[in-house]
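# An overview of the molecular structure
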Amino acid sequence: MTGLRDRTGAIAAGVSGALLANAVPHTVKGMTRQRFPTPFASPPGVGPSPPLHNVAWGVLNLAAGSVLARGRSGSPANRIAAVGGGVAMAFYLAHYFGGLDLNDERAKR
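A brief report on the enclosed structure follows. These numbers were taken from a predicted model, which means no experiment stands behind them.

Along the protein, the regular secondary structure elements total three helices and two strands. Mapped from its N terminus to its C terminus, the protein presents α and β elements in the order α-β-β-α-α. Buried positions account for 30% of the 109 residues belonging to the protein. Restricting to contacts in the protein with at least 6 residues of sequence separation, those with at least 24 account for 63%. Surface summary for the protein: the accessible area is close to 6900 Å², and the carbon and sulfur share equals 68%.

Counting six residues, the largest nonpolar core consists of Ala18, Phe36, Met89, Leu93, Phe97 and Leu100. With three residues, the single largest contributor to this core is helix α3 (residues 76-98).

As a further point, take unusual backbone geometry. The linkage connecting Ser42 with the following residue, Pro43, adopts the cis geometry, with an omega of -5 degrees. Here Pro43 is to be found in the loop between β1 (36-37) and β2 (48-49). For Arg33, which is not glycine, the phi torsion reads 60 degrees and is therefore positive. Following the sequence through the fold, Arg33 ends up in the loop between α1 (2-31) and β1. The exposure class assigned to Arg33 is exposed, which follows from its relative accessible area of 73%.

One can find Asn61 in helix α2 (residues 51-69). A polar atom in the side chain of Asn61 sits 3.1 Å from the side chain of Asn22.

Looking now at the packing of aromatic side chains. Evaluated as defined, the whole model comprises four aromatic pairs. Note on Tyr96 and Phe97: the rings are 5.2 Å apart at their centroids and 75 degrees apart in plane angle, and the pair reads as edge-to-face. What makes Phe97 buried here is its relative accessible area of 14%. Ring pairing ties together the aromatic residues Phe36, Tyr92, Tyr96 and Phe97, which thus form one cluster.

What follows is about α2. Helix length check: α2 (19 residues) gives 27 Å between terminal C-alpha atoms against 27 Å at 1.5 Å per residue, within 8%. For α2, the complete set of buried residues consists of Asn54, Trp57, Gly58, Asn61 and Gly65. Buried residues of α2 fall within an arc of 100 degrees about the axis and therefore sit on the same side. α2 presents Leu52 and Val67 as exposed residues on the side facing more than 90 degrees away from its buried surface.

Cut-offs used in this document
- Each chain carries its own residue numbering, running from 1 in the written order of its sequence.
- Per-residue local features of the predicted model are confined to residues with pLDDT of at least 70, and side-chain atom pairs are confined, for both listing and counting, to 80 or more; whole-chain, interface and lining totals are unaffected and use all residues.
- With hydrogens and water set aside, each side-chain value is computed from the structure's full complement of heavy atoms.
- In this description a helix means any DSSP run of H or I spanning at least four residues, a strand means any run of E spanning at least two, and both kinds are numbered starting from the N terminus.
- Any residue under 20% of the maximum accessible area for its type is buried, any over 50% is exposed, and the rest in between are partly exposed; the area is computed with a 1.4 Å probe on protein chains only.
- Whether two residues are in contact is decided by their heavy atoms: any pair within 4.5 Å suffices.
- Values of accessible area rely on a 1.4 Å probe in the Shrake-Rupley scheme; residue burial ignores everything except the protein chains shown.
- By nonpolar core is meant a set of buried Ala, Val, Leu, Ile, Met, Phe, Trp, Tyr and Cys residues that side-chain atoms within 4.5 Å join together.
- Any N or O atom pair separated by 3.5 Å or less is treated as a polar contact, with the protein-specific requirement of one donor-capable and one acceptor-capable atom, and with residues adjacent in sequence counted only for side-chain atom pairs.
- Working definition: a ring pair exists when centres of Phe, Tyr or Trp rings (six-membered ring for Trp) sit within 6.5 Å. Plane angles under 30 degrees give stacked, over 60 give edge-to-face, the rest tilted.
- Each residue after the first adds 1.5 Å to the expected span of a helix.
- Directions from the helix axis toward the C-beta atoms define the arc.

Next comes the structure, spelled out in structure tokens:
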């Protein structure tokens, strides 16, 4: 049973790292009053969302990532999983948002 608990903790740590990494671009874009895609956009994840939606999405990611990180043992495996989740999310976001035309006229409304 300990092995399952360790794996579950590592998974939670990885998801926590991914959520914390995702909080950064949305919060920064919202704070700088820039429109940026969120799941609330039309179409979801592609169309631009207003700055307040981005701050809300960033804070939600920050809160969820923090809750998942809270109470973790801080074992080396969990720390590696958290960093790995954050790095994987950073590369994914760079690839995904790099493929979108964020200078589209719709984004300027």
